[in-house]
Every structure is written in structure tokens, then in C-alpha cells.
Amino acid sequence: MSDEQIRLAELRDEIDQIDQQIMDLISARARCAQEVAHVKMGANPGQDVFFYRPEREAQVLRRIKDSNPGPLSGEEMARLFREIMSACLALEKPMHIAFLGPIGTFTQAAALKHFGHSVVSVPLPAIDAVFREVESGAAHYGVVPVENSTEGMINHTLDMFMSSPLKICGEVQLRIHHHLMVSPKNKDQEITRIYSHQQSFAQCRQWLDTHRYGIERVTVSSNAEAARRAAEEPGTAAIAGDMAAELYGLEKLATSIEDRPDNTTRFLIIGREEVPASGHDKSSILVSMRNKPGALYQLLEPFHSHGISLTRIETRPSPSGTWAYVFYIDFEGHMEDEQVSKLLAKVDDEAVELKRLGSYPIGVL
Ligand SMILES: O=C(O)C(=O)C[C@]1(C(=O)O)C=C[C@@H](O)C=C1
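Computed from a prediction, not measured in an experiment: that's the story for all the values here. (Residues numbered from 1 in each chain as written. Predicted model: local features only at pLDDT ≥ 70, side-chain atom pairs only at ≥ 80, totals over all residues. Heavy atoms only, no water.)

Asks: Quick one: what's the story with the packing of helix α1 (residues 3–43) against helix α3 (residues 74–92), residue by residue and with numbers?
Replies: How two helices pack is summed up by the angle between their axes together with the distance between the axes. At a minimum axis separation of 8 Å, α1 and α3 run at an interaxial angle of 40 degrees. Classified by the angle between their axes, α1 and α3 sit oblique to one another. The chirality of how α1 crosses α3 is right-handed. For the pair α1 and α3, contact is made by I26, R29, A30, A33, Q34, V36, A37 and K40 and by I84, M85, C88, L91 and E92, respectively. Across the contact of α1 with α3, the residue classes break down as nine nonpolar, one polar and three charged. (Axes fitted to C-alpha atoms, helices over the stretch in contact; angles between N-to-C directions. Helix = DSSP H or I, 4+ residues; strand = E, 2+ residues; numbered from the N terminus. Parallel < 35°, antiparallel > 145°, perpendicular 65-115°, else oblique. Left-handed = near helix turned anticlockwise from the far one by under 90°. Contact = heavy atoms within 4.5 Å. Nonpolar A, V, L, I, M, F, W, Y, C, P; charged D, E, K, R; others polar.)

Asks: Please give an account of the domain arrangement of the protein chain that cites residues and values.
Replies: Per the domain assignment, the segments making up the protein chain are domain 1 (3–37 + 52–92), domain 2 (179–259) and domain 3 (276–364). The distance between the C-alpha centroids of domain 1 and domain 3 comes to 39 Å. Taken residue by residue, the interface counts nine residues in domain 1 and eight residues in domain 3. Regarding the contact of domain 1 and domain 3, the summed buried area is about 630 Å², with carbon and sulfur atoms giving 61% of it. The tally of links from domain 1 across to domain 3 stands at zero salt bridges. Along the contact surface separating domain 1 from domain 3 lie four residue pairs in polar contact (both at pLDDT 80 or more). Top element by residues in the side of domain 1 that touches domain 3 is helix α2 (residues 54–67). It accounts for seven residues. Residues of the side of domain 1 that touches domain 3, tallied by class, amount to three nonpolar, one polar and five charged. (Domains from an automatic or database assignment. Buried area = accessible area lost by both parts, 1.4 Å probe. Salt bridge = Lys/Arg side-chain N within 4 Å of Asp/Glu carboxyl O. Polar contact = N/O pair within 3.5 Å; in protein donor to acceptor, adjacent residues only side chain to side chain.)

Asks: Give a detailed account of the site of the ligand, specifying residues and quantitative values.
Replies: Residues in close proximity to the ligand include R29, V36, K40, F51, Y52, R53, R56, E57, M85, C88, L89 and E92, which together make up its full environment. R29 places a side-chain nitrogen or oxygen 2.7 Å from an oxygen atom of the ligand. Within the backbone of R53, a nitrogen or oxygen atom sits 2.9 Å from an oxygen atom of the ligand. Burial of the ligand by the protein chains amounts to 90% of its free accessible area of 360 Å². Elements represented by at least two residues in the shell around the ligand include exactly α1, α2 and α3. When residues of the shell around the ligand are assigned to their parent elements, the largest contribution, four residues, is made by α3. (Near = heavy atom within 4 Å. Areas by Shrake-Rupley, 256 points an atom, 1.4 Å probe, with all protein chains shown as cover.)

Asks: Could you give me a rundown of the packing of aromatic side chains, with the residues and numbers involved?
Replies: In this description, a pair of aromatic rings is defined by centroid distance and the angle of the planes. Tallying each qualifying case throughout the model produces five aromatic pairs. Where F303 meets F331, the ring centres are 5.4 Å apart and the plane angle is 70 degrees; that geometry is what we call edge-to-face. Taken together, the residues F303 in helix α11 (residues 295–305) and F331 in strand β14 (residues 325–332) connect sequence positions 28 residues apart. You can call F303 buried: its relative accessible area is 2%. For F331, a relative accessible area of 0% puts it in the buried group. Taken together, the ring pairs connect Y52, F115 and Y141 into an aromatic cluster. (Phe/Tyr/Trp six-rings, centres within 6.5 Å; stacked < 30°, edge-to-face > 60°. Buried < 20%, exposed > 50% of the residue type's maximum accessible area, 1.4 Å probe, protein only.)

Asks: For the sheet that holds strand β15 (residues 353–361), give the residues involved together with the corresponding values.
Replies: Strand order in the open sheet formed by four strands is β13-β14-β12-β15, and the pairing between neighbours is antiparallel. Two strands bound the open sheet, and with one partner strand each, they are β13 (310–317) and β15. Recorded for the sheet is a direction-independent mean angle of 15 degrees between the axes of neighbouring strands. On top of the sheet, helix α6 (residues 155–163) reaches β12 (281–289), β13, β14 and β15; it is set at about 80 degrees to β13, its chief contact. Contacts from helix α12 (residues 338–350) reach β12, β14 and β15 within the one sheet, and its direction differs from that of β15 by about 160 degrees. (Pairing = 2+ DSSP bridges.)

Asks: Run through the sheet that holds strand β8 (residues 216–219), naming residues and quoting values.
Replies: On the basis of which strands lie adjacent, the open sheet formed by five strands has the order β8-β7-β9-β6-β10 and mixed pairing. Each of the sheet's edge strands pairs with one partner strand only, and the pair in question is β8 and β10 (251–254). Sheet twist, expressed as the average angle between the axes of neighbouring strands with direction ignored, equals 35 degrees. As defined by bridge partners, strand β6 (residues 179–182) adjoins strand β9 (residues 236–240) across three bridges and the pair is classed as antiparallel. Note that in β9 the partner of H179 across the bridge is A240. Those strands touched by helix α9 (residues 223–232) are β6, β7 (193–196) and β9, and its axis lies near 155 degrees from that of β9.

Asks: An account of the UniProt feature "domain: Prephenate dehydratase" (unreviewed entry) in the protein chain is needed here, citing residue identities and associated values.
Replies: The UniProt record marks residues 96–272 with the feature "domain: Prephenate dehydratase" (unreviewed entry), using the residue numbering of this structure. Secondary structure over residues 96–272 splits into 32% helix and 33% strand, and the C-alpha atoms at its two ends are 13 Å apart. (UniProt positions renumbered as here; feature names shortened; annotations may be inferred.)

Asks: I'd love a proper account of helix α4 (residues 106–115), names of residues and values included.
Replies: The buried fraction of α4 is high, at nine of ten residues. All buried positions along α4 are accounted for by F106, T107, Q108, A109, A110, A111, L112, H114 and F115. With its phi angle positive at about 85 degrees, G116 sits one or two positions after the end of α4.

Asks: So what's going on with the environment of A98? Residues and values would help.
Replies: Its place among the elements puts A98 in strand β1 (residues 96–100). Under the relative-accessibility criterion, A98 is labelled buried at 0%. For the pair A98 and L268, spaced 170 residues apart in sequence, the C-alpha to C-alpha distance is 12 Å. Look past the residues within four positions of A98 in its chain and what remains in contact with it is V122, L124, V130, E133, A139, Y141, G142 and V143.

Structure follows, in C-alpha cells:
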């Protein structure tokens, strides 16, 4: 054997020994998680056990990213541990996660990015259906889109929080890459129609006007539905993501056609319980104010005086009456924090209504 072949064989033996150690350690970790489940069940007999612990998972992933020695990036290493934890959690209790479907949407990709691939992901036809699935207990958690960097807030999600008892338990961001795709069997046919979701058409408007001007654009309920139609209908194409292309066997004619290179969508994790502090959190509230001069100043001044940073403020028409507004506010900190608690007491004094949507770990992945 040549020197290179001898060295290759030695390295592969070393990799085999390391893989055995990794497998033994992951198995030991999984047994610990099973023991954790027993402790959780014994802690509050007869009460709901929340096996999924968002705050603990955020702490684990943050520590992994911060202590990662390389050569893998912190993101890559955290994603590996994300999957290990997902498998451990499934040993404790298989999680049913409802998401805005159908299968192949960016929301499914966000759900799998946040929870890992060992969950049972359940597609629902609309955002309100995702809320109802979690409210009824049919799903443990839900994943819904809340804002896109190009198109702004998803109003249906914000409006659902006005009436839903659910809490925000987490957040996850996804870089959104849109591709123009066709069925391989129709690849040589002239494209006379392009299917996509309204948000995707808006995020790719300039590219379409430049490269596919004049072709009919038909809005459908989701990018996955667009891919399904393009797979079936000759002469049509879809604008959708990688998951949809793979799911429906479509070929990409043009990749990453979104107009803004940083095109990102933020998703919320919704659930039935409040999340304890993880040490790196944010909070969301809904506030309705009397429609009078200085109302917005009265609402925002306490954030300044208590040194709390706002990360998002949106207004929505109030369901209670014309010209009254509801403010959807995200800010840094956890509602258990002393300064945040004092801030919310002050806001509560000024507001017509204050609804605490939840405190949750700032997204790690
Ligand atoms: O520490 C816990 O509470 C666990 O259940 C263990 C573990 C893990 O694998 O690290 C698994 C699931 C939870 O969501 C958080 C962490």
C-alpha cells in the first residue's frame, strides 16, 4: 500500500473510534433525558407536564455556540445539538407541532429548524387553524409567520393574539430564498403562467418585472400549493423554496430571485404555558390606548424611563371601535425582570387594556 493509503486507513480507524465514543455519549445523554422525564412527571403528579423547555434548550444551544472550538462553525455545531436534543425530547414525549401548511412551506422549514426533525409536524390550512389546533390541545405548539423583512408584519397573526389565550413561547428566523421552478417533464415548454403566494410575488417583484415581464402571475394559498400546480400543469412555473422544490420534484430555472438579499421571515412559537427566563429573552404585549393627544408618548415614555429597549412596535385597528388602535410591542427583557415588571405596571395604569403575550428566549439558531 502507498503511504497515502496507509495514512487514509489510519485516519478512518481513528474516525471509527471517535464515532463509537460519540454514539456512546449521545446514548448516555438520551438516558439522562429519559430520567429527566421521570423527574418531571413526579414533580407535579396529576398536572400537565411540559416536557419541552424552551428556556433550557436556548441555554444549551447558546452555550454550545459560545464554547464551540471549531473547525465547524458555531451555527453548524448548534444545529447538530439541536437535532440531538430533538431526539432526546422525543424520548420524553413526541411533540406534535402545528404549522401553516401545506407541507413544503417556509413555515414547516422554520418549525423543523426550531424544534429539530424528531417532532411530528402537522400542516394546517390557515393561521387561525394553527391557533385553534394548539388551543384545543391537539398540538403541543404551533409555528406561525409574524413578519417579513421586505413585506412587514403578517397582520392575521397579530390579530389572532387579540382573542387567543395562547402565549408566545419562542421565535425563529429563516432566510427566505425564492426560486423559479418547473417540472422537468415540462422544462422545454414556454412558461405562460407563474404560481406563488402573494408575499412571494411581492418579494420577487423586481426580478419578475426584469426577467419574466408579461407572464401571468397567479396568486395561490401557499408556495407549496404553487409548486404542486407547477408539477401538474404544463406551461406553468412556481416561485417557492427548496423544500417545495424537493417535495414536488421541480427543477430550478433561477435561484434566489428575491429582490432583497437579506430577505428574512420571523416566525413565532405559540403554546399554552408561560416560559421562565433563559437569561437572554424578549417579551411581547398588546396595548390599547385611549385615542387622545399624547397617548403614544404616554405609552412609550415608561420604556425610556425604565431603560427597556423596544425591538418592534406595530399598530392594528382595534376590534372595539373605529379609530381606536391596538399597539403590538416587542421589547428586550423577561416579564420576571424587576425593571420590566415595574414598566408593565406603569403601562397598565395608562392603557385601556394591556395583554401580556409572553416572554421567551431570543432566537438562537
Ligand atoms: O433539561 C430538560 O428539561 C430536558 O428535558 C432535557 C432536554 C435536553 O435534551 O437537553 C430535552 C428537552 C427539553 O426541551 C430541554 C432539554
